[in-house]
Amino acid sequence: MAIVEELIRKSEEGLDFGNYKLESKAKLEGFSFEGDVYKIKTFKEITKLERNGLFVYESLPGTSVFNYKRSETGVSFEVQGETDAQITLELGEMKEYEIEVDGVSAGVMKTNLGGKLTISVETKEDSATYIKVKEA
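Since we're looking at a predicted model, the values are computed, not measured.

The subject of this paragraph is the pattern of salt bridges. One pass over the full model with this rule turns up nine salt bridges. In this structure, Asp16 and Arg9 form a salt bridge, with 3.0 Å as the shortest nitrogen-oxygen distance. A relative accessible area of 7% means that Asp16 is categorised as buried. Judged by its relative accessible area of 22%, Arg9 is partly exposed. The shortest N-O distance in the salt bridge between Glu13 and Lys69 comes to 3.3 Å. Within this pair, whereas Glu13 is found in the loop between strand E1 (8-10) and strand E2 (15-17), its partner Lys69 is found in strand E7 (residues 64-71), the two being separated by 56 residues in sequence.

Quick look at the structure:
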């Protein structure tokens, strides 16, 4: 998969965003997709996505995300980066979610009062890691 040079774009299955190859911060505001407005900040140290002014996704260090799709019951996407990443997602408050990494169950985790869920993912530059998070 290629880096997202334009920072955020519509893909066949959802959104692509983030560029972990950038040496300095880049951001893009006002990207419209399916009735929502997105804001992306990204570079080698962090990738952060907001929807309608609210937190959606953050990775430390920065990553590139492909085919990001969200639904009432969770999210799915492919992630790529130079090193392992810590990814924080905004989901439902105090709910349990089943985590899958490349089709293998990584267990069930519960979100905090703010609805945030943090997972660690082994990312690779030469291929994307598939992540699926759904209500348990």
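From this point, things continue past the structure.
We now examine the environment of Thr111. Looking at where Thr111 falls in the secondary structure, it is placed in the loop between strand E11 (104-110) and strand E12 (116-121). Contact partners of Thr111, with chain neighbours within four places excluded, come to Leu91, Gly92, Glu93, Met94, Lys95, Tyr97, Lys116 and Leu117. Engagement of the side chain of Thr111 in a polar contact is seen with the backbone nitrogen of Met94, the distance being 2.9 Å.

Time to look at the environment of Ser24. Along the chain, Ser24 falls in the loop between E2 and strand E3 (26-33). Sequence separation of Ser24 and Phe43 is 19 residues, and the distance between their C-alpha atoms is 5.9 Å. Setting aside anything within four residues of it in sequence, one finds Ser24 in contact with Thr42 and Phe43.

Before going further, it helps to spend a moment on the sheet that holds strand E13 (residues 129-135). Read from one edge of the open sheet, seven strands run E1-E2-E7-E8-E13-E10-E11, paired in antiparallel fashion. Each having just a single partner strand, E1 and E11 make up the two edges of the open sheet. Strand-to-strand, the axes of this sheet are offset by a mean angle of 20 degrees, without reference to chain direction. Relative to E13, strand E10 (residues 96-101) runs antiparallel, the two sharing five bridges. The residue bridging Glu98 from the neighbouring strand is Lys134, located in E13.

Once that is clear, we can look at unusual backbone geometry. For residues other than glycine, phi is negative in most cases, and the peptide bonds are mostly trans. Cis geometry is adopted by the peptide bond preceding Pro61, which originates at Leu60 and carries an omega value of -10 degrees. Within the element layout of this structure, Pro61 appears in the loop between strand E6 (54-60) and E7. Although it is not a glycine, Asn67 adopts a positive phi angle of roughly 55 degrees. Backbone geometry at Met94 places phi at a positive 50 degrees, although glycine is not the residue there. A relative accessible area of 41% means that Met94 is categorised as partly exposed.

A few words on the layout of surface pockets. There is about 300 Å³ of room inside the largest pocket. The wall of the largest pocket is formed by 17 residues, among which Arg51, Arg70, Glu90, Leu91 and Gly92 lie closest to the centre.

Attention now goes to the sheet that holds strand E9 (residues 85-90). What the six strands build is an open sheet, ordered E3-E4-E5-E6-E9-E12; its pairing is antiparallel. Whereas interior strands pair on both sides, the edge strands pair on one side only; in this sheet they are E3 and E12. On average, adjacent strands in this sheet sit at an angle of 15 degrees to one another, irrespective of strand direction. When E6 meets E9, the two strands line up antiparallel, connected through four bridges. By the bridge assignment for E9, Glu58 is matched with Thr88.

How each quantity is defined
- Residues numbered from 1 in each chain as written.
- Predicted model: local features only at pLDDT ≥ 70, side-chain atom pairs only at ≥ 80, totals over all residues.
- Heavy atoms only, no water.
- Salt bridge = Lys/Arg side-chain N within 4 Å of Asp/Glu carboxyl O.
- Buried < 20%, exposed > 50% of the residue type's maximum accessible area, 1.4 Å probe, protein only.
- Helix = DSSP H or I, 4+ residues; strand = E, 2+ residues; numbered from the N terminus.
- Contact = heavy atoms within 4.5 Å.
- Polar contact = N/O pair within 3.5 Å; in protein donor to acceptor, adjacent residues only side chain to side chain.
- Pairing = 2+ DSSP bridges.
- Axes fitted to C-alpha atoms, helices over the stretch in contact; angles between N-to-C directions.
- 1 Å grid on protein atoms, 1.4 Å probe; cavity = no way out; pocket = protein on both sides within 12 Å on 5 of 7 lines; lining within 4 Å.
- Points joined across faces, edges and corners; volume = space filled by probe spheres on them.

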